[in-house]
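A look at the structure
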Amino acid sequence: MAFFGKDEAQNRPREIELDRSRLPRHVAIIMDGNGRWAQKRGLPRTFGHKAGVEALREIIRHSDELGIEALTIYAFSTENWKRSAEEVGALMGLLLEYFTKELDELNEENVQIRILGDIDGMPAELDKQKSALHAAIERTKGNTGLKLCIALNYGGRQEIVRAARILAQQTAQGLISPEEIDMPRFESQLYTAGLPEVDFLIRTSGEIRLSNFLLYQLAYAEFYQTDILWPDFDRRAYDEALLAYTKRNRRFGGV
Ligand code: FPP
């Protein structure tokens, strides 16, 4: 595919050719740097999140155009509740706005929305958000295009403990024996059940850590980090990341 970049002045090639046969099936993104993007402009952090949603729109559209099967984004972690009430409120407001305004278009584009995380464990006052999320999942569940997986009130450790608890309950009830607990059965209790393996993890803003994201699923994923702050991460930057992925030699522990 070809993409004509906006910043030819920076002397970057005008287009990036991607070998589609080598693209990842499942991309995960830690959209980091919204706060710093806003601070650099003397704006409140919440403006960074607003700009972050714009960047997300572009990346979702481009993932769809490229035929990527699944895109998982880290929208809100189980630890993000520690942020100020103002910032949490702004993020939850953006979430509701997103699902209210974008759902028709996402549905028309055949996008299937999934939520990874504990929606019902969100505070009671977020009833509108919970209903909007359940409605979006229900409305798009038959769609066969891009699987857009939004990690929300999500923690990787919590997800693993939850799966272990479900299997322990099934064992205690005599539904399965301990010997039947193997990797496929364990994976069937993760939020990502039924999705392709995560092939590629992108983290923006120069930070190099996992932050409790997809701890089980990233076992053999390729990592990519860029100093670009999330609101500035555009199609062009995404293509650069994907190009790097297509050149990687994945060995999965072999030689
Ligand atoms: C990290 O930047 C970003 C987040 C914690 C939130 C990401 C959320 C969005 C882009 C919007 C909400 C999503 C949807 C689906 C509408 P940071 O605030 O930690 O930035 P910093 O490291 O510069 O402080």
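Description of the structure in this document. Worth saying up front: this structure is predicted, and the values here are computed from it rather than measured.

Criteria and thresholds
- Residues numbered from 1 in each chain as written.
- Predicted model: local features only at pLDDT ≥ 70, side-chain atom pairs only at ≥ 80, totals over all residues.
- Heavy atoms only, no water.
- Phe/Tyr/Trp six-rings, centres within 6.5 Å; stacked < 30°, edge-to-face > 60°.
- Helix = DSSP H or I, 4+ residues; strand = E, 2+ residues; numbered from the N terminus.
- Buried < 20%, exposed > 50% of the residue type's maximum accessible area, 1.4 Å probe, protein only.
- Pairing = 2+ DSSP bridges.
- Axes fitted to C-alpha atoms, helices over the stretch in contact; angles between N-to-C directions.
- Contact = heavy atoms within 4.5 Å.
- 1 Å grid on protein atoms, 1.4 Å probe; cavity = no way out; pocket = protein on both sides within 12 Å on 5 of 7 lines; lining within 4 Å.
- Points joined across faces, edges and corners; volume = space filled by probe spheres on them.
- Nonpolar A, V, L, I, M, F, W, Y, C, P; charged D, E, K, R; others polar.

This brings us to the packing of aromatic side chains. One pass over the structure, following the stated rule, counts 12 aromatic pairs. Here the aromatic rings of tyrosine 74 and phenylalanine 213 are separated by 4.2 Å at their centres, their planes lie at 15 degrees, and the arrangement is stacked. Taken together, the residues span a long stretch of sequence, with tyrosine 74 in strand β2 (residues 70-77) and phenylalanine 213 in the loop between β5 (200-203) and β6 (222-225) at a distance of 139 residues. Accessibility assignment for this pair places tyrosine 74 and phenylalanine 213 in one class, buried. With a centroid separation of 5.4 Å and 20 degrees between ring planes, the pair formed by tryptophan 230 and phenylalanine 233 is classed as stacked.

This next bit is on the sheet that holds β2. The six strands lie next to each other as β3-β4-β2-β1-β5-β6, forming an open sheet whose pairing is parallel. Two strands lie at the open edges of the sheet, namely β3 (112-116) and β6, each paired on one side alone. For this sheet, the mean inter-axis angle between neighbouring strands, taken without regard to orientation, is 20 degrees. Pairing geometry for β5 and β6, over four bridges, is parallel. Bridging from a neighbouring strand, phenylalanine 200 pairs with glutamate 222 of β6. The sheet strands contacting helix α2 (residues 45-66) are β1 (26-30), β2 and β4 (147-154), and the helix crosses β2 at an angle near 160 degrees. Together, β1, β2, β5 and β6 form the strand contacts of helix α7 (residues 235-246), whose direction differs from that of β5 by roughly 140 degrees.

Counted as a void, the largest pocket has a volume near 760 Å³. For the lining of the largest pocket, the secondary-structure elements that each account for two or more residues are α1 (34-40), α2, β2, α3 (85-108) and β4. Considering every element that reaches the lining of the largest pocket, the biggest residue donor is α3, with six residues. When its residues are assigned to classes, the lining of the largest pocket shows 17 nonpolar, nine polar and eight charged. Here the second largest pocket is characterised by a volume of approximately 170 Å³. Looking at the second largest pocket, the residues that line it are His26, Glu187, Leu190, Thr192, Ala193, Gly194, Leu195, Pro196, Glu197, Val198, Tyr216 and Gln217. Residue composition of the lining of the second largest pocket, grouped by class: six nonpolar, four polar and two charged.

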